Structure formats: structure tokens, C-alpha cells
Amino acid sequence: MTYVWDVPVHDSTRVRDARVAAEDAAALAGLERSRTADAALVATELATNLLKHAGGGQLLVEAVPPPSGRPGGLVVQVAAIDHGPGMSDVVTALGDGFSTAGSLGAGLGTCRRIADEFDLHSVPGRGTVALARIGGPARVRGRREPDPGRAGAATTDDTSAASAAFSVRVGGVNIPFRGAACSGDAWTCVREGDRLTLMLADGLGHGPEAARASGAAVDEVQRSPHLPPAELLRRLDTALRATRGAAVAVAQLDLRTGRLLFSGVGNVGARLREGDSWRHLLSRPGIVGAHRPTTLPETEAVWAPDRLLVLHSDGLPSRWAPPADPRLLSSDPAVTAAVTVRDAGSSARPVRDDTAVAVLSPTPPDGP
């Protein structure tokens, strides 16, 4: 079940809610005490920043898989989203000497330093998305302390990484309908050798039963990431029989050859950026776990450093526009997902369901 803390930050009383949300997400992710405190500090600073510089906004806190898809447990992700004035000088705002007035004095620079990943996208007149992830041991002088419990997984991944021609990362955001505690949508990514599998599931309806269906899909993908998309969907159909079912999209990338396979069932969307154009990857009608189509074709595409894959549930408006800012190609994929959700919504098109967006993007040459 996907738990998301959706904190609307419109007055100072919600800053405490942001801190508590980060602490709760850290408990769910199993973080140690010092990293829990770091997550709480980041959430507090980002919430304060929303009030002081954007007139308010939205803070999304959840425990998510790491962007690499490699083993290692969950991390806390904090995303601050606003429609404020934006930043004209991002470099200065990210310096340790720059602090938001009336905050803890930490500033965005310190948030970036203590987080495992930090990214910020801002457009004057459009707003800002700031995102941080915190997980595992604390950083010391800019580097993470070794974690003996993860040495085996790291060794395996380093071996496969040596043969991989493409370096990618995955991220997403999930917004429950009407601020519910859990979302009926869920996504996960799993890397096994040179194969990375990204799955997004939209449980039928919303609420706990929808969350149970999408959560069952996540569990099965984590057990069977070696299966190709069509075969994995058949396995998911069996796994979800005891639930109300879900719409599911599965994308799988061979990091050695660049071969991308996609297959989907139900009302889930997928768009692939190829150069300057966007290609729709189509799903078949049906419900995984209830009415799976007899044939499950796989769409094949070629991955390249200029590609970007967006999977989304039907919480996005049907005519949403893909992100046009070229900077998002090198942004953290969860930032791209958050910008997509923010720019797709409006008061004229209110959200009527849970909304999840997951993005697969190339890792920039100087990236993590």
C-alpha cells in the first residue's frame, strides 16, 4: 500500500505537519535516528520556503525506491511544489550562506548537502519544484558513510554497471485523491543485471482497496523483474485476482543494448520523447486481475541519451502537454514528474482521482 503525506502549506501551522510527515515517512523507510532528523530538517526548510517565497504550495512526502532501481530499501522523498514567482538566481539560492528569512537558518544549500539527492527546477513567473531524498547512513564531508549491510548488493550492481551502455534513473510522484492517507496508484522500478523494469499501476477506483490492488502489483514486480513486460502482465493478472484489479503499464529497458519494451492494460498512459517529438505507447483495454485481454503485444523502441519516458495514471487530464523545458531532460526524474503534474492541473480541470507519474530518464554525465 502506497502511503503519501500530501501537506498543503498555506500557513505556518502546516510547517509542523511537514516535519511530522517526514518523520513518519522515515519510520516507514526504516531510517536511523540521525537520518530521520535530516529528513525532518529538509521538510521543515522546504515548507518554510514555500511560505516565505511562493505564498504557499504543496509538500509531498513518501517513502520511495531509490532512483537506480537497485536493491537497498526505501528512501524518504520530499517534493515542494509551487506556482509562485520562481527564482531568477538559482545558484545563489542553493548556497549555504543563503537562508530563507524566518527559517531554521539551514537554507536550500544545506538541504542539498545533507540529502542523498537534491534537485531544483524553477522558471520565473511559473513556479518552483524542489526535491530531496534522504536514506541510509549520514553523509560525511559530502560522501556517504559505507553501509556494510548493503555491500553485497553494491558489488552485484557494480559488476552489471560495467557492461551497461546506458545509465538511467527513475523517479516519480504520487498524489492521493483529496489528501487521503494512501493512494490507489503505485509505481516501482527494479534493476536486475542489465535489465531495468518500471511499472505503474492504477488500482480500480481510489481508497484502501484500490491501494491494495496496486500494492499487490508492486509486490509481484519485485518478485519477478526478470520477466518481459507481456509475461509479467500475465503474472500480475493472476496475482491481482483477489483484488478489485488495476490498470497497469510495464516498461523494460535493456541497459546494454538500449532495447525498450512496453506493454500495458487499461487506462494508463505512456509517452516516449524521441528527439523533439513525443510518441504515444498504447495500452490494450482491460483490467489486470479481472478482464485481461487475450493478446498482449509489446511495443519496441530504441533508447538513447535524448530519450525520456513518462508513465502516468488517469489522474492527469487527458490532454496534458508533455514538459517542454529542455532542462528537464537532465533534471531528476521525480522533478520532471512533479512539474508535469503541476503544469497539467488547473482550477478549470479539478483532479478527480489519485495521480501518479513515473519518469525514466538518462543520467547526465555529471550526475549521481
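Each remark here, short or long, concerns the structure printed above.
Rules of the game
- Residues numbered from 1 in each chain as written.
- Predicted model: local features only at pLDDT ≥ 70, side-chain atom pairs only at ≥ 80, totals over all residues.
- Heavy atoms only, no water.
- Phe/Tyr/Trp six-rings, centres within 6.5 Å; stacked < 30°, edge-to-face > 60°.
- Lys NZ or Arg CZ within 6 Å of the ring centre and 35° of its normal.
- Pairing = 2+ DSSP bridges.
- Helix = DSSP H or I, 4+ residues; strand = E, 2+ residues; numbered from the N terminus.
- Axes fitted to C-alpha atoms, helices over the stretch in contact; angles between N-to-C directions.
- Contact = heavy atoms within 4.5 Å.
- Parallel < 35°, antiparallel > 145°, perpendicular 65-115°, else oblique.
- Left-handed = near helix turned anticlockwise from the far one by under 90°.
- Nonpolar A, V, L, I, M, F, W, Y, C, P; charged D, E, K, R; others polar.

Caption draft 1: Layout of the packing of aromatic side chains. Under the counting rule described, the total for this entry stands at 0 aromatic pairs. Just above the ring of Trp-320 sits the side chain of Arg-271; from NZ or CZ to the centre is 4.2 Å.

Caption draft 2: The arrangement of the sheet that holds strand β18 (residues 355–362) in detail. The 5 strands lie next to each other as β8-β18-β17-β14-β15, forming an open sheet whose pairing is antiparallel. The sheet is open, and its two edges are formed by β8 (168–175) and β15 (277–280), each paired on a single side. The mean angle between the axes of side-by-side strands here comes to 20°, regardless of whether they run parallel or antiparallel. Strand direction decides the pairing type here: strand β14 (residues 269–274) and strand β17 (residues 308–312), joined by 5 bridges, are antiparallel. Looking at β17, one finds that Ala-270 is bridged to Leu-311. Docked against the sheet, helix α8 (residues 333–344) engages β8, β17 and β18, running at close to 35° with respect to β8.

Caption draft 3: Seen up close, the packing of helix α2 (residues 33–54) against helix α4 (residues 107–114). Contact pair α2 / α4: the axes reach a minimum separation of 10 Å and the direction vectors enclose 150°. As far as their axial angle goes, α4 and α2 are roughly antiparallel. The way α2 lies across α4 gives a crossing that is left-handed. Contacts from Arg-35, Asp-38, Leu-41, Val-42, Glu-45, Leu-46 and Asn-49 in α2 reach Gly-107, Leu-108, Cys-111 and Ile-114 in α4. Classifying every residue of the contact of α2 with α4 by side-chain character gives 6 nonpolar, 2 polar and 3 charged.

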